[in-house]
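The chain contents come next:
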Amino acid sequence: MAHRSLSSQEKQTSSQSSAEVAERLEYLSADQLRNLTTDRLVTLYFQFPERVEARIAVGREHFTRFFESRIISELSGRIPVDAREQAAIDSCLSSHRSELANMAAVLDLPLSGSAPFTASSDILAPDPTRHYTSDELIALLHLYTPCRDLAERERLVEYVDYSLNLLATSSDPQTLANLAAELAELDRRTIVRCPRWLRTYLTDAISRWFTSPAVPDTDMVLPLLTASLLNLTVTPPHHRPISPLSLERRAQRIINRCYRTALSVLSTPFTSSQIPSLITSLYIATTCSSYVTRFSVRRLASAWNVLTTYFLTSLNLTNHSSSVLSLNFICEAQLAFKSPFYTTKLISLLMVADELNEFVSVPQALYHHLFIHLTACVTERDFIAVVYLRSITVPDFHIIASAV
């Protein structure tokens, strides 16, 4: 079947900026595909060799068919007007099944669950028209990185694309350094291929942070450790080169400072305005515990108890007599409480508890109430809360099961 080739301008990627490349690789959404004719969809599907060439040229993962799956999903719902159109659709379906089977065999992933993405009803379905924040993208990368089947890997590749597009259009790499580090780690582990400029982006973010910090040092722990693992050298302006070992040591100093800060809640009074930064310190100290000198899991568990109790008391949840709280009550408490709490901080407390539970027991009542609070966030369609609940085995709390 004949199909249009990419224009010569589209193939001249070497002279294009990262922003232009990201824009050129923007794929049509399901709604946009719905407005195309069947013939146009068939033509668009069989242009996948050119799309593969374009992705290779810009250093992106090319062993993927996520866009073709979206086209097939639309074609599958079409009613052909004649035998010619039916044959064209059947040709696309047959080709796509063969492509998916080939990918599954090469990647050694099961095909189960790898049907084309159909759905708009799934809040986590990739949407090219949606503006994702860096926190949302990081959460999605964590959710799909295990790649338990081909469908999960396809979604991971598409969210990597969205992340690269966000980085390419960013004017301040420091604020997106954590997202860049997550992508660089995927590339380092050969899970999803990323372009070479990503490493330059990461070193540029660290260089700017050394010269003129625009984000807290806690936001640079992962970028520093990732740059060290990639054996990257950072050279800030008017500064001697910083070796990978020095980057790791700098991260270790920050992690140990976070550990001391987290333990300070056991002996020093604190206010509600300090809670977000204290939770961040607790999370970093726990997840990077191998870098902590004289680490005490019991003392950190005590700090978790103090912070979680204060958090829930501020929402007036711990004083409620019922073991199953009204979601309306929780939502009202959230609106009434004006301190800067975010879903990411709540999830950080839950993740810390999961880490600590491997060594010591944390109070299940507090853990239960944290999940109730998170469920209230889900009812408000909080995207990050939905992603987190999809990534874990939800505890046997019937309030959660009935709400999600």
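Residues numbered from 1 in each chain as written. Predicted model: local features only at pLDDT ≥ 70, side-chain atom pairs only at ≥ 80, totals over all residues. Heavy atoms only, no water.

Section: the packing of helix α13 (residues 244-263) against helix α15 (residues 297-314)
Logical step 1: Two elements in contact, α13 and α15, have axes separated by 9 Å at closest approach and are oriented at 55°. With respect to each other, α13 and α15 are oriented oblique. Of the residues in α15, those touching α13 at Tyr-259, Ala-262 and Leu-263 are Arg-299, Leu-300 and Ala-303.
Logical step 2: Taken together, the residues of the contact of α13 with α15 break down into five nonpolar, no polar and one charged. (Axes fitted to C-alpha atoms, helices over the stretch in contact; angles between N-to-C directions. Helix = DSSP H or I, 4+ residues; strand = E, 2+ residues; numbered from the N terminus. Parallel < 35°, antiparallel > 145°, perpendicular 65-115°, else oblique. Contact = heavy atoms within 4.5 Å. Nonpolar A, V, L, I, M, F, W, Y, C, P; charged D, E, K, R; others polar.)

Points about the environment of Ala-168
Logical step 1: Within the fold, Ala-168 resides in helix α9 (residues 150-168).
Logical step 2: On a C-alpha basis, the gap between Ala-168 and Tyr-201 in space is 9.1 Å, while along the polypeptide they are 33 residues apart.

A look at the packing of aromatic side chains
Logical step 1: One pass over the structure, following the stated rule, counts 14 aromatic pairs.
Logical step 2: Ring plane angle 35° and centroid distance 4.6 Å describe the contact between Tyr-27 and Phe-67, whose orientation is recorded as tilted. Of the two residues, Tyr-27 sits in the loop between α2 (18-24) and α3 (30-34) while Phe-67 sits in helix α6 (residues 66-76), which places them 40 residues apart along the sequence. Across the pair, Phe-67 and Tyr-27 agree in class, each one buried.
Logical step 3: Aromatic side chains Phe-270 and Tyr-310 sit 5.1 Å apart centroid to centroid with 50° between the ring planes, which places their arrangement in the tilted category. Here the residue Phe-270 occupies a position in the loop between α13 and α14 (275-287), and Tyr-310 occupies one in helix α15, the gap between them amounting to 40 residues.
Logical step 4: Members of the aromatic cluster, joined through ring pairs, are Tyr-132, Tyr-144, Tyr-159, Tyr-162 and Phe-383. (Phe/Tyr/Trp six-rings, centres within 6.5 Å; stacked < 30°, edge-to-face > 60°. Buried < 20%, exposed > 50% of the residue type's maximum accessible area, 1.4 Å probe, protein only.)

Observations concerning empty space enclosed by the protein
Logical step 1: One pass over the full model with this rule turns up three cavities of 30 Å³ or more.
Logical step 2: Volume-wise, the largest cavity comes out at about 70 Å³.
Logical step 3: Looking at the largest cavity, the residues that line it are Tyr-27, Phe-48, Arg-51, Val-52, Arg-55, His-62, Thr-64, Arg-65, Phe-66, Phe-67 and Glu-68.
Logical step 4: Only α5 (48-57) and α6 provide two or more residues apiece to the lining of the largest cavity.
Logical step 5: It is α5 that provides the largest number of residues to the lining of the largest cavity, a total of four residues. (1 Å grid on protein atoms, 1.4 Å probe; cavity = no way out; pocket = protein on both sides within 12 Å on 5 of 7 lines; lining within 4 Å. Points joined across faces, edges and corners; volume = space filled by probe spheres on them.)

Description of helix α19 (residues 383-391)
Logical step 1: Counted residue by residue, α19 has seven buried out of nine residues, so it is predominantly covered.
Logical step 2: Residues Phe-383, Ile-384, Ala-385, Val-386, Val-387, Tyr-388 and Leu-389 constitute the buried set of α19.
Logical step 3: One side-chain oxygen of the residue at the start of α19 lies 3.2 Å from the amide nitrogen of Ile-384, identifying that residue as Asp-382. (Polar contact = N/O pair within 3.5 Å; in protein donor to acceptor, adjacent residues only side chain to side chain.)

Some details on the pattern of salt bridges
Logical step 1: Counting across every chain of the model gives 15 salt bridges.
Logical step 2: Across the salt bridge formed by Glu-152 and Arg-148, the nearest N and O atoms sit 2.9 Å from each other.
Logical step 3: One salt bridge in this structure joins Arg-257 and Asp-217, with 2.1 Å as the shortest N-O distance. One end of the pair, Arg-257, is in helix α13; the other, Asp-217, is in the loop between α11 (197-211) and α12 (221-229), with 40 residues separating them in the sequence.
Logical step 4: With relative accessibility at 38%, the residue Arg-257 sits in the partly exposed group.
Logical step 5: A relative accessible area of 25% means that Asp-217 is categorised as partly exposed.
Logical step 6: Residues participating in the shared-partner salt-bridge network are Asp-31, Arg-34, Glu-74 and Arg-78. (Salt bridge = Lys/Arg side-chain N within 4 Å of Asp/Glu carboxyl O.)

Scope: geometric values only; no functional claims are made or implied.
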